[in-house]
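Single-letter residue listing:
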Amino acid sequence: MTPRRPDSVLTVLQISDTHLHAAADSRMRGVTTYATLVSVLDHVRRDRRWPADVILATGDIVQDESRAGYERFRATLEPLGVPVLSIPGNHDDPKLMSDILNTGLFQFGGELRHGAWSIILLSTFLAGEDAGGLGAARLSGLRKALATHMGQHVLVAMHHHPSPMGSIWLDGVALRDAKDFWQIIEANPHVRGVACGHVHQAHDQERNGVRFMSTPSTCAQFLPHSDFFALDDRPPGLRWLELHPDGRIETEVAWAPKAG
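Colleague: Before we go on, may I ask you to explain the pattern of salt bridges in this structure?
Modeller: As a working rule, side chains carrying opposite charge can pair if their charged atoms are close by. One pass over the full model with this rule turns up twelve salt bridges. Between Lys 95 and Asp 99 there is a salt bridge whose closest N-O contact spans 2.9 Å. Residue Lys 95 and its partner Asp 99 are located together in helix α3 (residues 94-100), separated by four residues, close to a single helical turn. Put simply, Arg 176 and Glu 129 hold a salt bridge, and the shortest N to O gap is 2.9 Å.

Right, dumping it as C-alpha cells:
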C-alpha cells in the first residue's frame, strides 16, 4: 500500500475505539457510535493537515463483532480515498477484519514503509480476554520486523497500552507482557514512537527516548486516573501524527463536536 503523497513528512490520522454495531443507530455509553465517527471524520476534513497520507485505526472497530459493523466502517472510510491501516482490539473479530478490511485501500496488520518511516502494526488480541498479550510468537515477530526495518524510523501501532495509565481498573486490562515488549523496543533505538488505543483518553510521555501516545476514542472517553470505571465528559477525539524524515514526531490530539 502506498500513501497518497510523496512528501517527506508522513501525515497520519489515528482513530481508535469506534465501537460500531450492526445497526447504525446503536448506542453505547450514552452516544450513537456511528454518529460520533461521522462527526470525527467531518471534523478532520476541515483540518489543515487533511488529507492525511494514511489513516491508522487502532482497534475496537466493532463492538458486537458483526460483519455489518465492519462493512459500515469500510463504507464510511472508503470514499475518503485515503489508505486505512487497522489492527484488532479486544472487542474485535480478527477473522472478519481480515476478510473485510484487507483489500483495496484497506490493510489489516502487517507493515507500511514510506520514505524514512515504517509503521509496524502489532496485534495484541487475546481471544476471550479484555487484556492484551503478545506471547513468544508475536514477540519474536516484532524482533524480526524491527530488524527488517533497521535504518528506518519506526512507529509501532497497537491496541492495548504497554505502560500504566494510573487507573487501577484500566491497568488491569493492559498489555500483560509489557516488560518483554519494552525490552525489545528499547533494544531497537530506531523505534521513535508507540501509539495505542484502548484507554479512551489522551496520553503522551517519553520513555527512554521513545514517545508513547494513547489516543482517545471516536465515541466516549474514560475518566483519567480513576480507580473504578467512570466516563469523562470529553467529546469524540482523534490524534494527528506528523512523522518527519529526521525522526521527529509532531502530534496533536483534536476533539470533535459531540454527536449522537
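Colleague: Got a minute to help me understand the sheet that holds strand β11 (residues 203-207) in this structure?
Modeller: Across a sheet, strands are paired by hydrogen bonds formed along the backbone, either parallel or antiparallel in direction. The six strands lie next to each other as β7-β8-β9-β10-β12-β11, forming an open sheet whose pairing is mixed. Looking at strand neighbours, the two that pair on one side only are β7 (110-114) and β11, the edges of this open sheet. Recorded for the sheet is a direction-independent mean angle of 15 degrees between the axes of neighbouring strands. As paired strands, β7 and strand β8 (residues 117-121) are joined by five bridges and run antiparallel to one another.

Colleague: What exactly am I supposed to notice about unusual backbone geometry here?
Modeller: For residues that are not glycine, phi is negative in most cases, and the peptide bond is trans in most cases. Along the chain, Trp 50 connects to Pro 51 via a cis peptide bond; the corresponding omega equals 0 degrees. Along the polypeptide, Pro 51 turns up in the loop between α1 (33-44) and β4 (54-57). The backbone of His 200 sits at a positive phi, close to 50 degrees, despite the residue not being glycine. For His 200, the location among the structural elements is in the loop between β10 (191-196) and β11. By relative accessible area, which is 1% here, His 200 ends up buried.

Colleague: When you look at the nonpolar core in this model, what are you seeing that I'm missing?
Modeller: Generally speaking, nonpolar side chains in soluble globular proteins are found buried as a group. Leu 13, Ile 15, Trp 50, Ile 55, Phe 73 and Leu 77 are the most contacted members of the largest nonpolar core, which has 29 residues in total. Beyond its immediate chain neighbours, meaning those up to four positions away, Ile 55 contacts Leu 13, Ile 15, Trp 50, Leu 77, Leu 80, Val 82, Pro 83, Val 84 and Leu 85. Ranked by size, the runner-up nonpolar core spans 25 residues in total, among them Ile 120, Leu 134, Val 191 and Val 210.

About the criteria used
Residues numbered from 1 in each chain as written. Predicted model: local features only at pLDDT ≥ 70, side-chain atom pairs only at ≥ 80, totals over all residues. Heavy atoms only, no water. Salt bridge = Lys/Arg side-chain N within 4 Å of Asp/Glu carboxyl O. Helix = DSSP H or I, 4+ residues; strand = E, 2+ residues; numbered from the N terminus. Pairing = 2+ DSSP bridges. Axes fitted to C-alpha atoms, helices over the stretch in contact; angles between N-to-C directions. Buried < 20%, exposed > 50% of the residue type's maximum accessible area, 1.4 Å probe, protein only. Core = buried A, V, L, I, M, F, W, Y, C linked by side-chain atoms within 4.5 Å. Contact = heavy atoms within 4.5 Å.

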